[in-house]
Amino acid sequence: MADARDVDGWTCPVPLRGHDRIVMGHGGGGKLSSELIEHLFVPAFNDGARIELHDAATVPVATGRLAFATDSYVVRPLFFAGGCIGDLAVNGTVNDLAMSGAQPIAMSAGFILEEGLPMATLAAVVEAMAMAAATAGVQIVTGDTKVVGVGQADGMYVNTAGIGMIPEHVDIRPGRARPGDVVILSGPIGEHGVAVLSTREGFEFGTDVRTDSAALNGLVGDMIAAFADIHVLRDATRGGVTAVLCEIAASAQLGIEFDERAIPIPPAVAAACSFLGLDAMHIANEGKLVAFVPPRGVDDVMDAMHRHDLGREACVIGRVVADHPGTVVARTALGALRVVDVPLGEQLPRIC
Amino acid sequence: MKYLDEFNDPGLAASLLGEIAAVTTRPWTIMEVCGGQTHSIIRNGIDQLLPDTIELVHGPGCPVCVTPLNIIDQALSIAALPEVIFCSFGDMLRVPGSGSDLLRVRSEGGDVRAVYSPLDAVKLAADHPERQVVFFAVGFETTAPANAMAVHLAEQRGLDNFSVLVSHVLVPPAIEAIASSQGSRIDGFLAAGHVCSVMGTRQYEPLVERFSVPIVVTGFEPLDVLDGIRRVVVQLESGQARVENAYPRVVTEQGNVTAQQMLDEVFDVCDRNWRGIGEIPRSGWRLADRYARFDAAARFAVDGIDTPESGRCRSGDVLRGLIKPSECAAFGVECTPRTPLGAPMVSSEGACAAYHQYRRLSVDEISMPPTSNHRG
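Procedures and definitions
Residues numbered from 1 in each chain as written. Chains lettered and ligands numbered in written order. Predicted model: local features only at pLDDT ≥ 70, side-chain atom pairs only at ≥ 80, totals over all residues. Heavy atoms only, no water. Salt bridge = Lys/Arg side-chain N within 4 Å of Asp/Glu carboxyl O. Buried < 20%, exposed > 50% of the residue type's maximum accessible area, 1.4 Å probe, protein only. Domains from an automatic or database assignment. Contact = heavy atoms within 4.5 Å. Buried area = accessible area lost by both parts, 1.4 Å probe. Polar contact = N/O pair within 3.5 Å; in protein donor to acceptor, adjacent residues only side chain to side chain. Helix = DSSP H or I, 4+ residues; strand = E, 2+ residues; numbered from the N terminus. Pairing = 2+ DSSP bridges. Right-handed = clockwise from strand over helix to strand, strands pointing away. pLDDT = per-residue confidence, 0-100. Axes fitted to C-alpha atoms, helices over the stretch in contact; angles between N-to-C directions.

### Thoughts on the pattern of salt bridges
Oppositely charged side chains are able to pair whenever their charged atoms sit close together.
Residue and element names in this part refer to chain B.
Item 1. Summed over all chains, the structure comprises 33 salt bridges over all chains.
Item 2. For Arg286, the salt bridge is made with Asp289, and the minimal N-O distance between the two is 3.4 Å.
Item 3. For Arg286, a relative accessible area of 36% puts it in the partly exposed group.
Item 4. In this structure, a network of salt bridges that share partners links the residues Glu19, Asp227, Arg230, Arg231, Arg242 and Glu244.

### Observations concerning the domain arrangement of chain B
The figure often quoted for interface size is the accessible area lost as the parts come together.
Residues and elements named next belong to chain B.
Item 1. Taken domain by domain, chain B holds domain 1 (25-311) and domain 2 (315-361).
Item 2. In this assembly, 33 residues from domain 1 lie in contact with 23 residues from domain 2.
Item 3. Both faces considered, domain 1 and domain 2 share a buried interface measuring about 2,200 Å² in area, 60% of it formed by carbon and sulfur atoms.
Item 4. Looking at the side of domain 1 facing domain 2, the largest losses of area belong to Ile42, His58 and Cys65, adding up to 23% of the total buried there.
Item 5. Summed over the shared surface of domain 1 and domain 2, the result is one salt bridge.
Item 6. A salt bridge links Glu55 to Lys324; the nearest nitrogen and oxygen atoms lie 3.3 Å apart.
Item 7. For the pair domain 1 and domain 2, the number of links is three residue pairs in polar contact (both at pLDDT 80 or more).
Item 8. Every element with two or more residues in the side of domain 1 that touches domain 2 is listed here: α2 (35-44), α3 (46-49), β2 (54-61) and α4 (63-66).
Item 9. Per-element accounting of the side of domain 1 that touches domain 2 gives the leading share, seven residues, to β2.

### Things to note about helix α5 (residues 69-79) of chain B
Item 1. Of all the 11 residues making up α5 of chain B, 10 are buried; the element is thus mostly covered by neighbouring parts of the structure.
Item 2. What α5 of chain B keeps buried is the set Leu69, Asn70, Ile71, Ile72, Asp73, Gln74, Ala75, Leu76, Ile78 and Ala79 of chain B.

### Here's the deal with the pairing of strand β4 (residues 111-114) of chain B
Every other side chain in a regular strand lies on the same face of the sheet, so the side chains alternate between the two faces.
All names here are of chain B.
Item 1. Bridge analysis of strand β3 (residues 84-88) against β4 gives four bridges, and the strand direction is parallel. Bridged to Ile85 within β4 is Asp111.
Item 2. Assessed by its sense of winding, the connection that carries the chain from β3 through helix α6 (residues 102-107) to β4 is right-handed.

### Quick word on the confidence of the model for chain A
Item 1. Across chain A, the average pLDDT comes to 89, with 89% of residues at or above 70.
Item 2. This model gives residues 1-15 of chain A a pLDDT under 50, and the stretch forms 22 contacts once residues within four places in sequence are excluded.

### With respect to the sheet that holds strand β6 (residues 156-166) of chain A
All names here are of chain A.
Item 1. Strand order in this open sheet of four strands is β1-β6-β4-β5, and the pairing throughout is mixed. Only two strands of the sheet have a single neighbouring strand rather than two, namely β1 (65-73) and β5 (139-148). Neighbour-to-neighbour, the strand axes of the sheet open up by a mean angle of 15°, direction not taken into account.
Item 2. Pairing geometry for strand β4 (residues 103-114) and β6, over 10 bridges, is antiparallel. Following the sheet pairing, Met107 is matched in β6 by Gly162.
Item 3. The strands touched by helix α3 (residues 119-136) are β4, β5 and β6; relative to β4, the strand with the most contacts, the crossing angle is about 170°.

Here you go:
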């Protein structure tokens, strides 16, 4: 991304001579802030068209309905097996949009940086964001940077917001769940949470599990093209698949029943859960969705999912019922029944 | 998955259940001692699948649940000190003391950290010589060897800034207390497999002789638990009372001799107060005199803290198997995971929490044909 202002061998993505770490001035609105924007953010996020920097980005839109979502990212460690806070921040917001059936058209990125953060770390995160955005087919068009003192942030925090267009005739929301709807899960669960936990201080353990972080808008687009009347979509992030099922059951005031044996859990995730005393159903995913589809659309939706890389292992896990409104019930592997509920707070590894 | 899928096989479970049903002619009451077994039973619905005449009652083997209130309050006092890094197993963090819990102490500025191993706390002490690192050494015989090793290492490395708040408890004296308590209706015990992996099975012979109850050392996966139950019932139906090892892939008669030597080196047996149950003679470990300088209660002068238990919480009756959690008047009303009156509602292995998590609807209210699996 050579620019007329790039002089004396500025290189992307390490933009700031004399500063290999973030200093307070990078958030101060002065020259250092400008340099960060011009030499790091713009080259990474702009697709090549020359842009005019302004307080707000302008985005042309067609008529119809817009989806609008925001999310903040505070993951520790910043880098983990298969990903980092940067791709999470892009994929997470793209997925929030996609769960209303929307295709993303523009995003913002806000950074809260801790003084002393290595510039190379920021550059690597920004590059990961740029790659994730390109993969999802969305542009990051506006942003903001603030710097806080040492000890006031965990390296860096990222906020993203995004807007997307919802195709005509698509109406996907929790309130549309109906008795008889079939519940589909897009693939194996638990990978993101286990990948992050395995690298967290105090819990390091050897595992090949990598985050499943991925933008789901492509998969959702294929699903909608195959069958537009999908009732509910939800990505199974914090709280895992359990949280999705419980939230939908509560908000639609319907019962949900699922078969524990139908839930695909990778062996390495099952092993980690077993020794840490965690439940894979509660563990966060960053590239998995749960779909509620009326029976007449199930075959088409499943076919479309199986043809997409991110839905190849999609499976039916249960169905919506009119009984026990607000409650999720599982049939255990042994054939007994139990109520499924979200844990109170974060899951805590057990003693023995 | 080795040991996960195999020990969760529905077909084998059905045949074990069939054997149990075929051999059972009378009502029997069986206690699973360990909270991990309780969790497995409730999570998998094993008690629903057994013949109606077999009742499972849940024992005191949840280390979080039986740690007395005064020790929790001591931990909270130490954790709030500015010079202290307080390290604990994760599931102790939410256990309520008389006025707070460790998560709240952390939110108020205390440096409270969840670790997976006490050796991580030793490393923290070495890395932060300017801070005092305290490890909350709770649990049964299972966790004790690693905790003993941590103290031993700290001594070897001359780490004067490391200490442990010890509240270790022992399984055999608890079984003895339950079996000899008035009104005990336990016909047989499933002993805790992981405790026996350390201590072996020999400790249980005197109990079997004295109380004429079968004790079967049992694992934690669904098939382990079913096999343990089957063996207890077979003994009961034939009038036997023996120690049996149904977990031989992990447990031997001698146990882990190296670990036992480490325990002898670092700990001395002592009388111990059990939350909800009261004092049981010679039922715990304290630091041996030669390691007394690693005692956090003495170092931070909190050993005077003594707190009475809540009068409304019947966790003692639950832990002794006298009532089911749902038979407590406070269950699910004033006592929930959000507002626990007692520790069994907090720990993932606590019987009250397991009932609250998995059993809020009675089985009659839910009925479901198996979902057809369209998995592609």
